Amino acid sequence: MDQYTLNLLVVGASFALYIGIAIWARAGTTAEFYAAGRGVHPVMNGMATAADWMSAASFISLAGIVAFAGYPASAYLMGWTGGYVLLALLLAPYLRKFGKFTVPEFIGDRFYSSGARLVAVICLIIASTTYVIGQMTGAGVAFSRFLEVSNETGLYIGAAIVFMYAVLGGMKGITYTQVAQYVVLIVAYTIPAIFISLQLTGNPLPPLGLFSDYTPTGEPLLSRLNEVVQELGFTSYTGQDGSPLAVMNMVLFTLSLMIGTAGLPHVIIRFFTVPRVADARWSAGWALVFIALLYLTCPAVGAMARLNIVDTIYPNGVSAEPIAYDERPDWIRNWEVTGLINYEDKNGDGRIEYYNEANPAFAEAAAARGWEGNELTVNNDILVLANPEIAQLPGWVIALIAAGGLAAALSTAAGLLLAISSAVSHDLIKASINPNISEKGELLAARISMAVAIAVATWLGLNPPGFAAQTVALAFGIAAATIFPALMMGIFSTRINNSGAVAGMLTGLIFTVVYIFLHKGWFFIPGTNQFEDTLTGSLLGIQSTAIGAVGAILNFIVAFIVARSTSPTPEHIKELVESVRVPRGAGAATAH
Amino acid sequence: MADTHTRARTDGSGYWKANLRLIYICLAIWALVSFGFGILLRPLLSGIRIGGTDLGFWFAQQGSILVFLALIFFYAWRMNKLDRDFGVEEE
């Protein structure tokens, strides 16, 4: 059986599974559509949360970022997992106790203000929409690479699948599909990693393999990696830039990712689906267990792939001649076709010279070897996808990677689309436009909003704005600077009133968006930025990706000052906060 | 419901204080392993070698994630116990 047929079979089987689940888990009520009837077991919910959270970026791109950046990429690893501690301790149990359906609904009720609710809806829609574009384009790429259909056709297939289970089943359909998608994606991610770890270190567990000895030379894998990359002029893999500015940026970037993670609505609403407050606490732990399986494997995949690439190109060591282009392995040939690996024979010797040409200190050494520039460029995104080929694993593993990448993209897209459509049908239509809408009417409105959201996401996937990659900073920045502080203050302070919350959220939103635009260009139009987005060129010495944490701090400060100088929170709202803080009575709150 | 509120207000403050104390402890550890050991204090830990690199690198790429996991489960276990001790668990 050839690779293409295998890919079709494995991906087709996974899709059949998702659609089967969709038909089985149809939603009949708004409680089922928005919160899966609050009957999801905490372990199942943890698994679904993990699939919801781990996007095409986590599955496809992260290992590549770690491989080529080394230690600084730890910010992603800590940031995208550390946020779950904040969720579990500061938000999830209380929001579950509150017992409503959406994040803006809590903000609107707690701050007794439809204005606050509206600001929250706007933040939610901006953050979620920018995020969903990446998922749709990711799905399109995976389709076109593995199923040899055009990008457009791939997108339509992906949209049709999501439409099936999201519109039919709402949160209920999405939850059970995500459980299946999690299993597909984690198996696809870990199998190649286990084989590669065995090949390089003899240890079958990749996270342990990362700190084990490299079998061919007997020295630790990471020391070996540091040696070879430095001999090619790259910075040390494990090295840290100890300058105060770099350290401060790494701290703020990590913090922004953490509070951004805790503030992303599509993750928060997952905790509305479990039966009890105690389950919400456990469920956050289970979510992190399932997420950690990938995030602990990821740094091993990155480091090992980097070493594999260097060893492939310099089979006799980095001080000897690199391999001839004609003798390159099959995986380089396969990926050259996609344009994600490029080779240019700059000095005309027919060999692949791969080194850091941007390092002035290395220029002399390179010139002495007759090198006239780096000749090989490898795109971050191919590492995970090409891993089974690099490790020469059988064809079914490659097919599994295709299904895994699609599972990661589709599961996250579905979660985001649900967050968007419930904000539209529940927070806009039911709360503002037509409060008397019937249960049936609201369910229909929710399904129509979902269908419209999918259509918009597909259109954006077909016509991606040139800035798609940069908008991730925007999504995290907004979630960190607006939604997280508002939720946290709503639970932990009775003093913060409606004016304080609205002023705080608007400050966080405007500050963060303006700061990002100042560095990335206004509305991401290239060339319209006033500051360089670098350590030394940026306005406050803080890169735009790390600004969300500062926006959050400003939000807290402004909210406290404004709340102190305006009329205090009414008694019945204080009662509400008191009741959110204790688990007893959660069942009653559900019945709303 | 009214009954629940009175309970929460009267004996709930001890419960809430205990919860806050637990949160402070957990978040202090959360910050220590990630921002501390993983970033700011990494130079201080550079003497402790592990698998070809230093302890700070291990915390940044693995250790912090493992501690996060332990923290969430510890908190869930302690809080669920606290709920019962103060009689505010769900029926």
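Residues numbered from 1 in each chain as written. Chains lettered and ligands numbered in written order. Predicted model: local features only at pLDDT ≥ 70, side-chain atom pairs only at ≥ 80, totals over all residues. Heavy atoms only, no water.

Colleague: Sorry if this is basic, but what is going on with the overall build of chain B here?
Modeller: A tally of regular secondary structure across chain B gives three helices and two strands. Starting at the N terminus and ending at the C terminus, chain B contains elements arranged as α-α-β-β-α. Among the 91 residues that make up chain B, the fraction classed as buried is 51%. Looking at chain B as shown, the accessible area adds up to about 4,200 Å², and 67% of this sits on carbon and sulfur atoms. (Helix = DSSP H or I, 4+ residues; strand = E, 2+ residues; numbered from the N terminus. Buried < 20%, exposed > 50% of the residue type's maximum accessible area, 1.4 Å probe, protein only. Areas by Shrake-Rupley, 256 points an atom, 1.4 Å probe, with all protein chains shown as cover.)

Colleague: Can you help me understand the overall build of chain A in this one?
Modeller: A count of helical and extended segments in chain A gives 23 helices and two strands. Relative to a compact globule of 592 residues, whose C-alpha radius of gyration would be 25 Å, chain A shows 25 Å and is just as compact. Structurally, chain A occupies a C-alpha span of about 80 × 55 × 40 Å along its principal axes. Counting only contacts in chain A whose residues sit at least 6 apart along the sequence, the fraction spanning at least 24 positions is 80%. About 19,900 Å² of surface is accessible on chain A, with carbon and sulfur atoms providing 64% of the total. The averaged location of the 37 negative side-chain charges in chain A is 20 Å from the averaged location of its 28 positive side-chain charges. (Rg over C-alpha atoms; globule rule 2.2 N^0.38 Å. Contact = heavy atoms within 4.5 Å. Lys, Arg positive; Asp, Glu negative; His and termini not counted. Charge placed at Lys NZ, Arg CZ, Asp CG, Glu CD.)

Colleague: How do you make sense of the confidence of the model for chain A when you look at a structure like this?
Modeller: Any segment with low pLDDT has predicted coordinates that should not be analysed in fine detail. Residues and elements named next belong to chain A. Averaged over all residues, the pLDDT of chain A equals 90, while 98% of them reach at least 70. Confidence, expressed as mean pLDDT per element, reaches its minimum in chain A at helix 23 (residues 586-590) with 50 and its maximum at helix 21 (residues 548-564) with 97. The low-confidence segment residues 588-592, where pLDDT is below 50, has nine contacts with residues more than four positions distant or belonging to other chains. (pLDDT = per-residue confidence, 0-100.)

Colleague: Whenever I open this one, the interface of chain B and chain A confuses me. Can you help?
Modeller: Interface size is commonly expressed as the accessible area that is lost once the parts come together. If you look at the interface, chain B gives 48 residues, while chain A gives 59 residues. A combined buried area of about 4,900 Å² lies between chain B and chain A, and 70% of that area is made up of carbon and sulfur atoms. Its largest share of buried area at the contact with chain A, chain B owes to Gln 61, Ile 72 and Glu 90 of chain B, together 14% of the area lost on that side. Inspection of the region where chain B meets chain A yields two salt bridges. Among the salt bridges present, the one from Arg 281 of chain A reaches Asp 83 of chain B, with a minimum N-O distance of 2.8 Å. Those elements giving two or more residues to the side of chain B that touches chain A turn out to be helix 1 (2-10), helix 2 (12-40) and helix 3 (55-85) of chain B. Per-element accounting of the side of chain B that touches chain A gives the leading share, 18 residues, to helix 3 of chain B. When grouped by side-chain class, the residues that make up the side of chain B that touches chain A number 28 nonpolar, 13 polar and seven charged. (Buried area = accessible area lost by both parts, 1.4 Å probe. Salt bridge = Lys/Arg side-chain N within 4 Å of Asp/Glu carboxyl O. Nonpolar A, V, L, I, M, F, W, Y, C, P; charged D, E, K, R; others polar.)

Colleague: Help me understand the side chain of Asn 308 of chain A in this model?
Modeller: All names here are of chain A. Position of Asn 308 among the secondary structure elements: in helix 13 (residues 277-313). A relative accessible area of 13% places Asn 308 in the buried class. Beyond its immediate chain neighbours, meaning those up to four positions away, Asn 308 contacts Ile 196, Leu 200 and Ile 390.

Colleague: Looking at this structure, I do not really get the UniProt feature "domain: Sodium symporter small subunit" (unreviewed entry) in chain B. What am I missing?
Modeller: The feature "domain: Sodium symporter small subunit" (unreviewed entry), as annotated in UniProt, sits at residues 14-89 of chain B in this numbering. Taken end to end, residues 14-89 of chain B comprises 76% helix and 5% strand; its first and last C-alpha atoms sit 15 Å apart. (UniProt positions renumbered as here; feature names shortened; annotations may be inferred.)

Colleague: Even after reading the chapter, I still don't get unusual backbone geometry, so can you show me in this structure?
Modeller: Even without being glycine, Ala 36 of chain A reaches a positive phi, approximately 50 degrees. Structurally, Ala 36 of chain A can be placed in the loop between helix 2 (30-35) and helix 3 (42-53).

Colleague: How should the pattern of salt bridges be read in this particular structure?
Modeller: Where charged atoms from two side chains of opposite charge approach closely, those side chains can pair. Under the definition given, this model contains 17 salt bridges over all chains. The residue Glu 336 of chain A makes a salt bridge to Arg 328 of chain A at a minimum N-O spacing of 3.1 Å. The two residues Glu 336 of chain A and Arg 328 of chain A agree in class, both being buried. Between Asp 54 of chain B and Arg 42 of chain B there is a salt bridge, with its nearest N and O atoms 2.8 Å apart. Here the residue Asp 54 of chain B occupies a position in strand 2 (residues 53-54), and Arg 42 of chain B occupies one in the loop between helix 2 and strand 1 (49-50), the gap between them amounting to 12 residues. Per residue, the accessibility class of Asp 54 of chain B equals that of Arg 42 of chain B, and both read buried.

Colleague: Explain helix 21 of chain A here, please?
Modeller: Spacing of three or four residues puts side chains on the same side of an α-helix, whose turn is 3.6 residues. Its 17 residues give helix 21 of chain A an end-to-end C-alpha distance of 24 Å, which sits within 8% of 24 Å, the value for a rise of 1.5 Å per residue. Restricting attention to buried positions, one finds in helix 21 of chain A the residues Gly 548, Ala 549, Val 550, Gly 551, Ala 552, Asn 555, Ala 559 and Ala 563 of chain A. (Expected span 1.5 Å × (residues − 1).)

Colleague: For this particular structure, what's the right way to read the UniProt feature "transmembrane region" (unreviewed entry) in chain B?
Modeller: UniProt tags residues 21-45 and 57-77 of chain B as "transmembrane region" (unreviewed entry). Note that residues 21-45 of chain B is 80% helix and 0% strand, and that its end C-alpha atoms are spaced 29 Å apart.

Colleague: When you look at the packing of aromatic side chains in this model, what are you seeing that I'm missing?
Modeller: We describe a pair of aromatic rings using the distance from one ring centre to the other and the angle between the two ring planes. All names here are of chain A. Considering all chains together, one arrives at 35 aromatic pairs over all chains under this definition. Both rings, one in Tyr 355 and one in Phe 362, keep their centres 5.7 Å apart while their planes meet at 50 degrees; by these two values the pair is tilted. Comparing Tyr 355 with Phe 362 shows no difference in burial state: the two are buried. One aromatic cluster is present, formed by Trp 53, Tyr 76, Trp 80, Tyr 84, Tyr 131, Phe 253 and Phe 476 through successive ring pairs. One residue, Arg 306, lies across the ring of Phe 234, its end atom 5.0 Å from the ring centre. Sitting over the face of the ring of Tyr 325, Arg 328 holds its NZ or CZ atom 3.9 Å from the ring centroid. (Phe/Tyr/Trp six-rings, centres within 6.5 Å; stacked < 30°, edge-to-face > 60°. Lys NZ or Arg CZ within 6 Å of the ring centre and 35° of its normal.)

Colleague: Got a minute to help me understand the packing of helix 5 (residues 74-98) of chain A against helix 3 of chain B in this structure?
Modeller: Helix packing geometry: the angle between the two helix axes and the distance between the axes. The geometry of helix 5 of chain A relative to helix 3 of chain B is characterised by a closest axis approach of 9 Å and an angle of 10 degrees between their N-to-C directions. When the interaxial angle is binned, helix 5 of chain A and helix 3 of chain B end up roughly parallel. Seen from helix 5 of chain A, the contacting residues are Ser 74, Leu 77, Met 78, Thr 81, Gly 82, Tyr 84, Val 85, Ala 88, Leu 89 and Tyr 94 of chain A; seen from helix 3 of chain B, they are Ala 60, Gln 61, Ser 64, Ile 65, Phe 68, Ile 72 and Tyr 75 of chain B. Residues belonging to the contact of helix 5 of chain A with helix 3 of chain B are distributed by class as follows: 12 nonpolar, five polar and no charged. (Axes fitted to C-alpha atoms, helices over the stretch in contact; angles between N-to-C directions. Parallel < 35°, antiparallel > 145°, perpendicular 65-115°, else oblique.)

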